[in-house]
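Chain by chain, the residues:
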Amino acid sequence: MKHASCSRRSTIIASPWSKLTGIALIGLVCISFPLWGGRAEAAPPGDRISPAGPALSPARLAPTKQITPGDCPLDVVVVMDRSDSMNYDTICFNCFERNQPDQVSNPDYVNYPDNGVRHTVFSATLTSNLCGDTLDPTEYDGDHYQILEAELYSQNSSTWERAFRGPGQGYWAINRLWTDTWKPPPNIDTSWDAPGAVSHHPFVTFTDNMPSSPLLGRFYTLADAQNGIAPRLEYDFALPASWNGNMAHIWLRGRQSDLYGWSKELDGTTNPDVIYWEVNDEAIHKADDTQGNGVGTGWTWIKLGSVSSLAKGDAPYTWHTLKLYAGRPGYTIDRLIVTDDSGSLPTNVTSNPSNACEQGTPCNGGHYNWTTAGSAQRQACDPCNPIYGLNITDPRTVAEGGQCLGYYALPGPTDNLSNELFGDREPIRESKEAIKDFISRLDPEFDQVGFVYYNHTASKGSELTCRRCYGADCYVGAAAWGWPGGPTPYTYTVVLNSVEDQWEGGGTCTACGMRAGLEMLGYNVDNRGGVDNLCDGSADSACARGAAALPVMILLTDGAPNVSPGGGV
């Protein structure tokens, strides 16, 4: 039964979803909405299946409101993919981290982004000796070592903002490392801090071999670097008068992520761990594992190569530029060393410093592994660089009386802490926010909302609860949800909290999620035992209102299922 007055509300439902992947089943009529090029592949049932239980009269959803069919009440179930691939479009891992406890049972729930902390590059760098006028390389055993932090690049030619890049376009962006892994535990301390690095993202190009599924990133070839297509980072360095000779040997500390290192081409071949480099617009070289100088899944110091005949001298220095071009997605760089030492790097130069020294706060003592004073140049010393997350109230240049050095053209006063760099993991965050926006357009006096989340299995985050209270006020108390006090009027809070509580991980069984969503609406799609629409309080007894409400199911997914309901891949 589809109510005549439902057409207007169906339009309202669809409008917030124009930017999302999804399938909306409105009266089991399929409406799809693209996100990543429209790859949602799951199909709705061909025929409407009758609810397992009887169609009931409209349920009482508020103390004094009784719904009539003409009001077009909705029974809505949102099904969200929370598989591991729902973080594949993350710009910076760990730049935003949620720091609140379990959202579902937390009465002090706050919404994103106030429920987490943002981790920026230390703004103290801007006033430290790293941005000073004096270049002071480490001297050890007669050799000189210029140590540079990868996140303090002189220039980044790429852009991570989604509005300015298309599918299959990579970029370099800072990442905040959680010790030696990528993914933090769900609950972290607000004082947490971790070292920074720069990663080539998105880290996926192609996954499933049969057939290949094009996703977000791209493997860049040597020709791409030579033609100026590959994303480029630049680092300035100089040779002081004390330098031994006119040659520089260039080293890089990098890794290929063991979790997110996939880089398959259409023919299924996996590209090597490769990066390209040049100095001062000379020949572009390739460094990869086929030459014995590639990175692995752990941090590795590799020698990119050597350049000769470089000018040297004290201030004013003759600056040279090292350019790094992206190759394989997922390639991550932590530090760089330019040295006159033609041999292997000594351990006390390559060992990791503490975060405080690494980021340029004052350090005292005879350590040889601290970042070189004066090694940060150009964009690294511009307060308007988004990596520092500063609130820029006057985007004019310093020469004009403003705050910027001129490397970033801001449209006006800008809070860089709101930059996409410090957003959550994507596309799962965009999915969560769209669900919240959609639910906010519903009317809790008339509409029930349920929530299903899935990866390789499906779970019910929040059921269509109010019909359990049929014939009485729709209230839940402390016993039902573990909240202090009571009774608490049932709104959409429990649903919203359950949505916010989700983390990505695991495989993708889209059919599992759709089946659970349909069962929540009272449809036993494959005649499973115990599934009904009697609302008797048992786990698989749905509380949909049958013909007294319009059933709606919305599916959000990246559209690449790889697990079946039977458990097969």
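How each quantity is defined
- Residues numbered from 1 in each chain as written.
- Predicted model: local features only at pLDDT ≥ 70, side-chain atom pairs only at ≥ 80, totals over all residues.
- Heavy atoms only, no water.
- Buried < 20%, exposed > 50% of the residue type's maximum accessible area, 1.4 Å probe, protein only.
- Helix = DSSP H or I, 4+ residues; strand = E, 2+ residues; numbered from the N terminus.
- Phe/Tyr/Trp six-rings, centres within 6.5 Å; stacked < 30°, edge-to-face > 60°.
- Lys NZ or Arg CZ within 6 Å of the ring centre and 35° of its normal.
- Pairing = 2+ DSSP bridges.
- Disulfide = S-S within 2.5 Å.
- pLDDT = per-residue confidence, 0-100.
- Contact = heavy atoms within 4.5 Å.

A closer look at helix α7 (residues 493-500)
Line of reasoning, step 1. Among the eight residues that make up α7, six are buried, leaving the element largely enclosed by the rest of the structure.
Line of reasoning, step 2. The complete set of buried residues in α7 reads Val494, Val495, Asn497, Ser498, Val499 and Glu500.

Notes on the packing of aromatic side chains
How two aromatic rings sit relative to each other is given by the distance of their centres and the angle of their planes.
Line of reasoning, step 1. Scanning all chains against the criterion turns up three aromatic pairs.
Line of reasoning, step 2. With centroids separated by 5.0 Å and ring planes inclined at 75°, the aromatic side chains of Phe96 and Tyr112 adopt a geometry described as edge-to-face. Within this pair, whereas Phe96 is found in strand β6 (residues 96-98), its partner Tyr112 is found in the loop between β6 and β7 (116-118), the two being separated by 16 residues in sequence. Of the two residues, Phe96 and Tyr112, both sit in the buried class.
Line of reasoning, step 3. Lying across the ring of Trp299, Arg255 places its NZ or CZ 5.5 Å from the centre.
Line of reasoning, step 4. Seen from the ring of Tyr112, Arg429 lies directly overhead, with NZ or CZ sitting 4.0 Å from the centre.

Side note on the pairing of strand β9 (residues 143-149)
In summary, the side chains of a regular strand alternate between the two faces of the sheet.
Line of reasoning, step 1. Buried residues dominate β9, accounting for seven of its seven residues.
Line of reasoning, step 2. The two faces of β9 match: Asp143, Tyr145, Ile147 and Glu149 on one face and His144, Gln146 and Leu148 on the other face are all buried.
Line of reasoning, step 3. Where strand β8 (residues 138-140) meets β9, three bridges bridge the pair, whose relative direction is antiparallel. Opposite Thr138, over in β9, you have Tyr145 as the bridge partner.
Line of reasoning, step 4. The turn linking β8 back onto β9 is made up of two residues, and Asp141 within it adopts a positive phi angle of 55°.
Line of reasoning, step 5. One ladder, built from five bridges, connects β9 with strand β19 (residues 331-339); its direction is antiparallel.

Some points on the state of the cysteines
Line of reasoning, step 1. Taken as a whole and assessed by the stated rule, the structure comprises four disulfides.
Line of reasoning, step 2. Sulfur-sulfur distance for the disulfide between Cys384 and Cys404 comes to 1.7 Å. Handedness of the Cys384-Cys404 disulfide follows from its S-S torsion of about -80°: it is left-handed. You can see Cys384 sitting in the loop between α4 (355-358) and β20 (391-392) and its partner Cys404 sitting in the loop between β20 and β21 (414-415), a full 20 residues away along the chain.
Line of reasoning, step 3. Overall, Cys384 belongs to the buried group, its relative accessible area being 0%.
Line of reasoning, step 4. Note on cysteine connectivity: Cys509 is disulfide-linked to Cys512, with sulfurs 2.0 Å apart. Taking the torsion about the sulfur-sulfur bond, which here is approximately 70°, the covalent link between Cys509 and Cys512 counts as right-handed.
Line of reasoning, step 5. On the accessibility criterion, Cys509 (0% relative accessible area) is buried.
Line of reasoning, step 6. For Cys512, a relative accessible area of 8% gives the class buried.

Side note on the confidence of the model for the chain
Line of reasoning, step 1. Residues with a pLDDT of 70 or more make up 68% of the chain, whose mean pLDDT is 76.
Line of reasoning, step 2. The low-confidence segment residues 179-194 (pLDDT under 50) makes 45 contacts with residues lying over four places distant or belonging to another chain.
Line of reasoning, step 3. A low-confidence stretch, residues 208-212 (pLDDT under 50), is modelled with six contacts involving residues beyond four sequence positions or located in other chains.

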